[in-house]
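# Residue-level structural notes
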Amino acid sequence: MQQPESGPRPAKRLRTSEPAPPPSPLPAAAAADALAGWSAMKPQPQPPQLQQQQRQAGSSAGPAGPAAFVSPEWLEQSLAQGQPLPAAGFPPPEEPEVLTPVAGGRSSRQGSCPSVREGARPGSRESIRSGSTQRRQGGVDADDRRRWLGEDMWHEGCATMGAVELMLQGVFSEERSRQIGNEPLVQALSELSKYEGALAADSKLEGGVELGSERGEINERALQYARAAASVRACAYRLCPPVRAHQLPFVAESTADKICQILETGTCAPLEFFRADQPVRDSRGRVRPDSAGGATRARFCKLPGVAQKTAERWWQLGLRSFDDVERAAQPGGPLAEGGEAPIGTEARFSLEHREDLLEGTRREEVLEMMAAVQAGVQAVTGAAEGWKVEVVGGGRRSQAAHDADFCVTHPSVPLEGVLLQLRGHLVREGRLFPPGEAMFRTQHGRMPTHIERLRHEHLRRLSSGTPSRRTLDRFDRLHAIYRTAAGRACRIDVIFVPPDEWAFGFLGWVGSKTFLRHMRRLADDRGMFLNSHRLFAVQDGQSVMVPDEAPPRHAGGKPHWPPGWAPGRRVEHERDIFELLGLPYREPHKRDMPG
DNA sequence: AAAAAC
DNA sequence: TTTTTGC
DNA sequence: GTTTTGC
DNA sequence: AAAACA
């Protein structure tokens, strides 16, 4: 009933300090070490047939013309949407998906206590028993929480915590979710999130009318689907219809409906519209402006150097495939020099090398790049010992990664300027495509004074309540394209993290994005401020570092040292950050919340 | 926020 | 000035 | 009912 | 779209 990974949390060792990370092994050994977790993971097994069904649906696009057969689901969903749906996603109901009732005996109570649930729509105040009895946050009752989380992860506190904290008790592993049988649903919700994300172009003004969809920069729909996808991935039992609202965190009526449709038919209305490049409708049945071309625009966005704006522009020029874009970039075309919307250097390169870039990075390529970074920092600093180069990002969480990310540190060599030297070194060695040819961006020189800036930002958030623009981290970073020995082009990111911020930087670069959002929200709920550099709290109107200058806060913002912690102990490992936040530790491969 | 492309 | 950049 | 949603 | 808060 304890958190399986965190071990006996209370009886933690009490250390003073051990400032220096262990010296780094030779490149090859370091590589093997960093990737040790991979060997435990198996190559992708077969996705269930649900996915094949979905693929087919996507390929034969087009709205429902004079369809020969109309399935009940098609009719139902078309009516719900107020418009005819693309017929592709609604095959004749020859054989309804084999969906056994919930596995493993946990289903015993499923649907068997309607007394609480039937009238328990959030809309009806009936569901909230005058507040006194076990007022639960997040709408999910204790039984549902327990079934969702699974017995292994469940503990007393889970019954009453907020939804964000509850989510962070979960295990987010694609492998686990696939074994349970929920991964196709996760993929469908994640796909929806990506389509929404690709639309996020600032549609503030159009024809002088505020469309009001975007407040600030967060895309609420993409966020919502990402949360739902994460919630499903952590679900301990196989979901099968009917899925009730509030059966799992971040799934209420609307999402539960879509989940049921996906489980029953393999798809749902918005998914089919996106896949067919058709505009989707909002919950009130109105066509959402600028929502056409979801599938194509999301595909364009996969190229480094292409994001929402460029994807939308290409779509509006009538381009529907990479081949179209390539033709348009030929002399005389709209994307050529002097044309209507000339293609940028980075996008042009990405287009040319799309076969490499879209395939993702293979294990051996990650190892090759890591060895090159390791050798590079040794060469440019003359320090042969002590460098730590770790794989972070998706490559650390799972086997599949679209790029290679590395965090680099050294216990004693100052990191200032090393990034620029490394960059020059790798270009001279012919390993990086040079600036002007491909993506080649660096950020450096922001580390001096960064702590004071972060304190300032922390306080500004508190006082002004301004949504305030986001601040990315201030580490020296390189974002570029690496040329492997075999001549393949791979996206690479290198991040220099000072040793005293290692745990925070590592955590922030391992992700996942959705996981970090939850962690940072929890810190906020606790009255703290977490970023890739530090954890902060407020004391006497000052921004103070946790745990160096003040104890962490717990529920209600109360200062409290967790078991094993006392003034003087410093954050050295990722696990320390989980403990300060009162969370069970999760290995990187269990932080794979989909986005 | 800041770099780079425009 | 606009667009993209990370987890 | 209103605000927040990551940094 | 959902949760937390007022």
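The name an unreviewed UniProt entry assigns to chain A is DNA polymerase, from the organism Micractinium conductrix. Its UniProt record, at the heading Subcellular location (unreviewed entry), says of chain A: "Nucleus".

## Looking at the overall build of chain A
On a plain count of helices and strands, chain A comes out with 24 helices and twelve strands. The buried share of chain A, reckoned over its 595 residues, is 51%. The long-range fraction of contacts in chain A, counting pairs at least 24 apart against all pairs at least 6 apart in sequence, stands at 65%. Accessible area for chain A stands at about 27500 Å²; split by element, carbon and sulfur atoms hold 52% of it.

## Regarding helix α6 (residues 142–149)
Buried within α6 we find Asp 144, Arg 145, Arg 147, Trp 148 and Leu 149. Here α6 starts with a cap whose side-chain oxygen sits 3.0 Å from the backbone nitrogen of Asp 143, and that cap is Asp 141. Of the residues one or two after α6, Gly 150 is the one with positive phi, at around 90°.

## A closer look at the domain arrangement of chain A
By a frequent convention, interface size equals the accessible area lost on bringing the separate parts together. For chain A, the domain assignment lists domain 1 (363–506) and domain 2 (513–590). Across the boundary between the two partners, domain 1 contributes 21 residues, which contact 24 residues of domain 2. Summed over both partners, the interface of domain 1 with domain 2 comes to about 1900 Å²; 65% of that surface belongs to carbon and sulfur atoms. Of all residues in domain 1, Arg 455, His 458 and Phe 504 bury the most surface against domain 2, accounting for 39% of the area lost on that side. On inspection of domain 1 and its partner domain 2, the count reaches three salt bridges. Between Asp 500 and Arg 534 there is a salt bridge, and its shortest N-O distance comes to 3.2 Å. In this assembly, domain 1 and domain 2 are joined by eight residue pairs in polar contact (both at pLDDT 80 or more). Listed by contribution, the elements that provide at least two residues to the side of domain 1 that touches domain 2 are α19 (394–397), α21 (450–464) and α22 (502–510).

## Considering the pairing of strand β4 (residues 404–409)
Side-chain positions along a regular strand alternate between the two faces of the sheet. Among the six residues that make up β4, six are buried, leaving the element largely enclosed by the rest of the structure. Alternating positions in β4 separate into two faces, Ala 404, Phe 406 and Val 408 on one and Asp 405, Cys 407 and Thr 409 on the other, with burial throughout. As paired elements, strand β3 (residues 388–392) and β4 share five bridges and run antiparallel to each other. What sits directly across from Val 389, in β4, is Val 408. Direction of pairing for β4 relative to strand β7 (residues 489–496): parallel, over a ladder of five bridges.

## What to know about the sheet that holds β7
Across the sheet, five strands lie side by side as β3-β4-β7-β6-β5; this open sheet has mixed pairing. The two strands at the open ends of the sheet, each matched to only one other strand, are β3 and β5 (440–443). Mean inter-strand twist for the sheet, computed between neighbouring axes without regard to direction, equals 25°. Set on the sheet, helix α18 (residues 363–381) makes contact with β3, β4, β6 (476–483) and β7; between it and β4 the angle comes to about 30°.

## Focus on the pattern of salt bridges
Counted according to the given criterion, the structure contains 33 salt bridges. One connected set of salt bridges, linked through shared partners, spans Glu 174, Glu 175, Arg 178, Glu 183, Arg 233, Arg 397 and Asp 592.

## Structural notes on the sheet that holds strand β9 (residues 535–539)
Strand pairing in a sheet is mediated by backbone hydrogen bonds. Such pairs are either parallel or antiparallel. With antiparallel pairing, the three strands of this open sheet are ordered in space as β8-β9-β10. Where the open sheet ends on each side, the last strands, each with one partner, are β8 (528–530) and β10 (542–546). Looking at each pair of strands side by side, their axes are set apart by 30° on average, direction ignored. Note: β8 against β9, three bridges, orientation antiparallel. Counted as the bridge partner of Leu 530 is Leu 535 from β9. Along the sheet, helix α23 (residues 513–525) contacts β8 and β9; its crossing angle with β8, the most-contacted strand, is approximately 160°.

Definitions and limits used
Residues numbered from 1 in each chain as written. Chains lettered and ligands numbered in written order. Predicted model: local features only at pLDDT ≥ 70, side-chain atom pairs only at ≥ 80, totals over all residues. Heavy atoms only, no water. UniProt positions renumbered as here; feature names shortened; annotations may be inferred. Helix = DSSP H or I, 4+ residues; strand = E, 2+ residues; numbered from the N terminus. Buried < 20%, exposed > 50% of the residue type's maximum accessible area, 1.4 Å probe, protein only. Contact = heavy atoms within 4.5 Å. Areas by Shrake-Rupley, 256 points an atom, 1.4 Å probe, with all protein chains shown as cover. Polar contact = N/O pair within 3.5 Å; in protein donor to acceptor, adjacent residues only side chain to side chain. Domains from an automatic or database assignment. Buried area = accessible area lost by both parts, 1.4 Å probe. Salt bridge = Lys/Arg side-chain N within 4 Å of Asp/Glu carboxyl O. Pairing = 2+ DSSP bridges. Axes fitted to C-alpha atoms, helices over the stretch in contact; angles between N-to-C directions.

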